[in-house]
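Structure assessment
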Amino acid sequence: MATKRWIPETLFEALGFRMSYAVERVLYEMQTEHQHLVLFDHKFFGKMLMLDGATQVTTRDEFIYHEMMTHVPILAHGRAREVLIVGGGDCGIAEEVLKHKSVARLTQVEIDASVVEFSKEHFREFTRPVLGNKRFDLVIDDGMNFVAETDRRFDVIIVDSTDPQGPGKVLFTRKFYAACKRCMTAGGVMVTQNGVPFLQPAELVASVGHFRKLFADGGCYVASIPTYVGGHMAMGWASDNARLRAVPVKTIAERYKRAGRFPTRYWTPEVHCAAFALPRFIAEAIAKR
Ligand code: SAM
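Quick notes on the rules
Residues numbered from 1 in each chain as written. Predicted model: local features only at pLDDT ≥ 70, side-chain atom pairs only at ≥ 80, totals over all residues. Heavy atoms only, no water. Helix = DSSP H or I, 4+ residues; strand = E, 2+ residues; numbered from the N terminus. Rg over C-alpha atoms; globule rule 2.2 N^0.38 Å. Buried < 20%, exposed > 50% of the residue type's maximum accessible area, 1.4 Å probe, protein only. Contact = heavy atoms within 4.5 Å. Lys, Arg positive; Asp, Glu negative; His and termini not counted. Charge placed at Lys NZ, Arg CZ, Asp CG, Glu CD. Near = heavy atom within 4 Å. Polar contact = N/O pair within 3.5 Å; in protein donor to acceptor, adjacent residues only side chain to side chain. Areas by Shrake-Rupley, 256 points an atom, 1.4 Å probe, with all protein chains shown as cover. 1 Å grid on protein atoms, 1.4 Å probe; cavity = no way out; pocket = protein on both sides within 12 Å on 5 of 7 lines; lining within 4 Å. Sits in = over half its atoms within 2 Å of the grid points. Nonpolar A, V, L, I, M, F, W, Y, C, P; charged D, E, K, R; others polar. Pairing = 2+ DSSP bridges. Axes fitted to C-alpha atoms, helices over the stretch in contact; angles between N-to-C directions.

**Some words on the overall build of the protein chain**
Along its length, the protein chain carries 10 helices and 13 strands. Over its C-alpha atoms the protein chain spans a radius of gyration of 18 Å, differing by no more than 12% from the 19 Å that the globule rule assigns to 289 residues. Dimensions of the protein chain along its principal axes, counting C-alpha atoms only, are 60 × 45 × 35 Å. For the protein chain, with 289 residues in total, the buried portion stands at 55%. Considering only intrachain contacts with a sequence separation of at least 6, the fraction spanning at least 24 residues in the protein chain is 66%. Separation between the mean location of the 37 positive side-chain charges and that of the 33 negative ones in the protein chain comes to 7 Å.

**Considering the site of the ligand**
Surveying the vicinity of the ligand reveals 25 residues, the closest of which are Q35, E110, G143, P167 and Y228. A distance of 3.0 Å separates a nitrogen atom of the ligand from a polar atom in the side chain of D142. Here a nitrogen atom of the ligand and a side-chain polar atom of Y228 are 2.9 Å apart. In isolation the ligand has 600 Å² of accessible area, and contact with the protein removes 99% of it. With respect to the pocket detection grid, the ligand is positioned in the largest cavity. Residue classes in the shell around the ligand are distributed as nine nonpolar, 10 polar and six charged.

**Focus: the environment of S119**
You can see S119 is positioned in helix α3 (residues 113-122). The spacing of S119 and A223 is 104 residues in sequence and 25 Å in space, taken between C-alpha atoms.

**Some remarks on the sheet that holds strand β3 (residues 25-31)**
In space, the four strands of this open sheet follow the order β3-β4-β5-β6, with antiparallel pairing throughout. Edge positions in the sheet fall to β3 and β6 (54-58), since each has one partner strand and no second. For this sheet, the mean inter-axis angle between neighbouring strands, taken without regard to orientation, is 20°. With four bridges connecting them, strand β5 (residues 46-51) and β6 associate as antiparallel partners. Across the sheet, M48 pairs through a bridge with T58, a residue of β6.

**What to know about the pairing of strand β10 (residues 154-160)**
Among the seven residues of β10, seven are classified as buried, and the element is accordingly described as predominantly covered. Across five bridges, the pairing between strand β7 (residues 82-87) and β10 is parallel. Each bridged residue has a counterpart across the sheet, and for L84 the counterpart in β10 is I157. Pairing of β10 with strand β11 (residues 184-193), which is carried by five bridges, proceeds in the parallel orientation. Counterpart to V159 in the pairing with β11 is T192.

What follows is the structure, encoded as structure tokens:
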């Protein structure tokens, strides 16, 4: 009987640990121009996508990250018409953004066309409602170039990037965040994939430090995603409108009602507001020095 292949997540090898996933079937594997990509079937988590040894998305728990990276900034903002996603290859975030009928235009800037191409076949639940949508634009480019050169302005920017390694490294720099600020409308908000603070504290502390140099308000909110191991996942938050982070739950609920109360499995108005209540170790790590 053939021995089962186990695929390791190597993101935390420097910390002396790794997770391995038993592979039911490899659906797709290639070295793209930018990164190593493998998609496989797992008996519990379903389809799992890994880029450069880091889990990106699984069909079993994708809803948590995708809902929290989307509905929190859009409903906190309250009047988002122009939205930009940097990264977001699999289109899971885009699918959630387009549930907001008030969003007139969504632009996704992804560096690796292969990720979108293969998602058309393997993540149809995300790509189908997105790629044919007339409110959606896809740009294949390095997010750093796009935000540095575009003359468009965005109410909400969602940075759904890989970790600060390889092509994703530049997306954690002050230069990138400053360029994002340049193409935001007044009072706009930016949220970022910012790692797991218990295992990757330096990443979050550095990003929040940059946010506070560039914006009136910088911080993060949290959610727990089973395959982003290590406890809370941090989502960076930056805006010149410091009130957006504290919009009352009643107002968020009213905005959700106006947005048509589309179905969610993790996000609720209460979870939205509670996500900004940080555990002390995270609050102290990012505390103003
Ligand atoms: N949710 C995942 C996570 O938290 O790790 C990220 C999902 S998404 C697949 C990440 C995407 O960012 C990938 O498709 C990758 O190609 C893209 N990406 C990485 N660096 C980029 C850059 N500099 N500009 C634009 N897209 C980039």
